[in-house]
Amino acid sequence: MKVAIAGAGAVGRSIARELIGNGHLVLLIDKSPHAIKPDRVPDAEWLLADSCELSSLEEARLQECDVVIAATGDDKVNLVTSLLAKTEFGVPRTVGRVNHPNNEWLFTEAWGVDVNVSTPRIMSALVEEAVTVGDLVRLFTFRQGGANLVEMTLPADSPYVGKPSGLIPFPDNCALVTILRDGQVYVPDPDQPVEAGDELLLVVPAELEDQLEVLLAPEEHRAK
């Protein structure tokens, strides 16, 4: 897979290293000469250019990319980059970094963003996930599917503790993706019982989140 990353700062370089480590081809783009540091990510391609300029993106051959990640520290730049990548070059997948939470509502398909990544929201979700039992925590939103990745730590008095996951009457269009237990990742099996303290990762439509929370956790374990 070929990935272009707009923004060669610390965030962009970290993403590039991870992707390269997973066998992908990466192009880092930045308009600041001070950000062009090939020695930091020697296996990436580098381009000194403005990702908001069509001519720069043509030079980057963006039409050959499978994914474009707009990871600069400027939300305006990330929006414009995503929009150009999607509308002018037909890039199949765009990911936009949200720096300021007040701008998150802009990072939608209307601006060419398939997936937005809000660092403040993710950090908040991880804090909630670490300290709550029996509360549903939204970790990630899938824009195209209208669904969310959510997590719940199963309380000891859940009515489904000790029962096979296949017997849990999940709402329609809700899927149990993974069970995390004792540091291990378990692929859900209909015959595998769930245990108190299991972290359940599920994909669920936003409108069914409350229904799922009521199903899995007694009222005293849910946030008031």
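Before any of the text, the structure's been laid out above.
The present account deals with the structure reproduced in this document. Being a predicted model, the structure only gives us computed values, none of them experimental. (Residues numbered from 1 in each chain as written. Predicted model: local features only at pLDDT ≥ 70, side-chain atom pairs only at ≥ 80, totals over all residues. Heavy atoms only, no water.)

Next up on the list: the side chain of Asp114. Tracing the chain through its elements places Asp114 in the loop between β5 (93–98) and β6 (115–118). Looking at Asp114, the relative accessible area reads 4%, which means it is buried. Reaching out from Asp114, the side chain makes a polar contact with the side chain of Lys86 at a distance of 2.7 Å. Within the structure, the side chain of Asp114 is placed 2.9 Å from the backbone nitrogen of Thr94, a separation counted as a polar contact. (Helix = DSSP H or I, 4+ residues; strand = E, 2+ residues; numbered from the N terminus. Buried < 20%, exposed > 50% of the residue type's maximum accessible area, 1.4 Å probe, protein only. Polar contact = N/O pair within 3.5 Å; in protein donor to acceptor, adjacent residues only side chain to side chain.)

Another aspect to go through is the nonpolar core. By size, the foremost hydrophobic cluster in this structure holds 19 residues, and its most contacted members are Ile168, Phe170, Leu200, Leu202, Leu212, Leu215 and Leu216. When residues of this core are traced back to their parent elements, those giving at least two are β8 (147–153), β9 (175–181), β11 (199–205) and α5 (209–216). Once residues within four sequence positions are removed from consideration, Phe170 is found in contact with Ser165, Leu176, Leu202, Leu212, Leu215 and Leu216. Of all hydrophobic cores here, the second largest spans 17 residues; its members include Val3, Leu19, Ile20 and Val26. (Core = buried A, V, L, I, M, F, W, Y, C linked by side-chain atoms within 4.5 Å. Contact = heavy atoms within 4.5 Å.)

A separate point is the packing of aromatic side chains. All chains considered together, the criterion is met by 0 aromatic pairs. Cation over ring: Arg181 sits above Tyr186, and NZ or CZ is 5.2 Å from the ring centre. (Phe/Tyr/Trp six-rings, centres within 6.5 Å; stacked < 30°, edge-to-face > 60°. Lys NZ or Arg CZ within 6 Å of the ring centre and 35° of its normal.)

Our focus in this paragraph is the sheet that holds β8. An order of β7-β8-β11-β9-β10 is seen for the 5 strands of this open sheet, with the pairing classed as antiparallel. Every other strand in the sheet has two partners, leaving β7 (137–142) and β10 (184–186) as the edge strands with one partner each. For this sheet the average axis-to-axis angle between neighbouring strands, irrespective of direction, equals 20°. Across 7 bridges, β8 lies against β11 in antiparallel orientation. Bridged to Ala147 within β11 is Pro205. (Pairing = 2+ DSSP bridges. Axes fitted to C-alpha atoms, helices over the stretch in contact; angles between N-to-C directions.)

What follows is about the sheet that holds strand β1 (residues 2–6). Pairing in this open sheet of 6 strands is parallel, and the strands run β3-β2-β1-β4-β5-β6 from one edge to the other. Each edge of the open sheet carries a strand with a single partner, namely β3 (45–48) and β6. Each strand axis lies, on average, 20° off the axis of its neighbour in the sheet, ignoring direction. When strand β4 (residues 67–70) meets β5, the two strands line up parallel, connected through 4 bridges. Counted as the bridge partner of Val67 is Arg93 from β5. Each of β1, β2 (25–30), β3, β4 and β5 touches helix α1 (residues 10–21); the most contacted strand, β2, lies at about 170° to it. Packed on one face of the sheet, helix α3 (residues 75–87) meets β1, β4 and β5 and runs near 175° to β5.

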